Amino acid sequence: MLVEYLPPFPPKGVGYQRMVFVLYKQNGKLDFSKYKLSQNEMNNLEKRTFKTLDFYGEQQDHITPAGLAFFQSDWDSSITNFYHNLLSMHK
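How each quantity is defined
Residues numbered from 1 in each chain as written. Predicted model: local features only at pLDDT ≥ 70, side-chain atom pairs only at ≥ 80, totals over all residues. Heavy atoms only, no water. Helix = DSSP H or I, 4+ residues; strand = E, 2+ residues; numbered from the N terminus. Rg over C-alpha atoms; globule rule 2.2 N^0.38 Å. Buried < 20%, exposed > 50% of the residue type's maximum accessible area, 1.4 Å probe, protein only. Contact = heavy atoms within 4.5 Å. Areas by Shrake-Rupley, 256 points an atom, 1.4 Å probe, with all protein chains shown as cover. Lys, Arg positive; Asp, Glu negative; His and termini not counted. Charge placed at Lys NZ, Arg CZ, Asp CG, Glu CD. Patch = residues over 30% accessible without salt bridge, like charges linked within 9 Å, V, L, I, M, F, W, Y side chains within 5 Å. Salt bridge = Lys/Arg side-chain N within 4 Å of Asp/Glu carboxyl O. Phe/Tyr/Trp six-rings, centres within 6.5 Å; stacked < 30°, edge-to-face > 60°.

Caption draft 1: Geometry of the overall build of the protein. Of regular secondary structure, the protein possesses two helices and two strands. Helices and strands in the protein line up, N terminus first, as β-α-β-α. For 91 residues, the compact-globule estimate of 2.2 N^0.38 gives 12 Å, and the protein exceeds it by more than 25% at 16 Å. Classification of the 91 residues of the protein by burial places 18% in the buried group. Long-range contacts, defined here as pairs at least 24 residues apart, represent 84% of the contacts in the protein between residues at least 6 apart. Summed over its atoms, the accessible surface of the protein is roughly 7300 Å², and 53% of this surface lies on carbon and sulfur atoms. Averaging the locations of the 10 positively and 9 negatively charged side chains of the protein gives two centres separated by 2 Å.

Below, the structure is given as C-alpha cells:
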C-alpha cells in the first residue's frame, strides 16, 4: 500500500469542490516506491500532495490516459469529526 485512502473532506464555506479520477493504461510494471509514505506520514496532508501533471510527465512513455471521471463534494457535519479525529485538527 502506498497510502491509506482518505475520503474527500472539503472545508466549510468554500462550496462544492470537484474530485477528479484519471485512469491510465500502463504498458508494463511501474515502480511507485517513491510515492510510498511511512505510517507516520499517512495523515500529513503536505506529504500526501500529489500532482497528476508531474506524475504523467515522469511516466508518459509508460502510461496512456484511458478514462476520466469526477464528482462534486461539499462540506457537511460529518467532516468536523474527520478533521478532529483523523487529521487531529482542532479549534
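Caption draft 2: Quick look at a nonpolar patch on the surface. Together, Val20, Val22, Leu68 and Phe70 make up an exposed nonpolar region whose accessible area comes to about 400 Å². Looking at the nonpolar patch, the elements with two or more residues in it are β1 (17-26) and β2 (63-73). With respect to the helices and strands, the residue Phe70 is situated in strand β2.

Caption draft 3: Region of the structure containing the environment of Ser77. Relative to the elements of secondary structure, Ser77 occurs in the loop between β2 and α2 (78-86). Linking Ser77 and Lys12, residues 65 residues apart in sequence, is a C-alpha distance of 9.1 Å.

Caption draft 4: Inspection of the pattern of salt bridges at higher detail. Applying the stated criterion to the full structure yields two salt bridges. Residues Glu41 and Lys47 are paired through a salt bridge, measuring 3.7 Å at the closest nitrogen-oxygen approach. On the basis of relative accessibility, which here comes to 23%, the residue Glu41 falls in the partly exposed class.

Caption draft 5: Here's a closer look at the packing of aromatic side chains. According to the stated counting rule, one finds eight aromatic pairs in the structure shown. Judged by centre distance (6.4 Å) and plane angle (50°), the ring pair of Phe32 and Tyr35 falls under tilted. Residue Phe32 is classed as partly exposed on the basis of its relative accessible area, which comes to 29%. Centre to centre, the rings of Phe50 and Phe55 are 5.5 Å apart; their planes meet at 45°, and the pair counts as tilted. A residue is classified by how much of its surface remains accessible, and Phe55, at 8% relative accessible area, is buried.

Caption draft 6: Broad picture of the side chain of Ser73. Of note, Ser73 is situated in strand β2. Accessibility expressed as a relative area gives 13% for Ser73, which makes it buried. Excluding its chain neighbours within four sequence positions, the residues that come into contact with Ser73 are Pro8, Pro10, Gly15, Tyr16, Gln17 and Met19.

Keep in mind that these numbers describe shape and distance, not what the molecule does.
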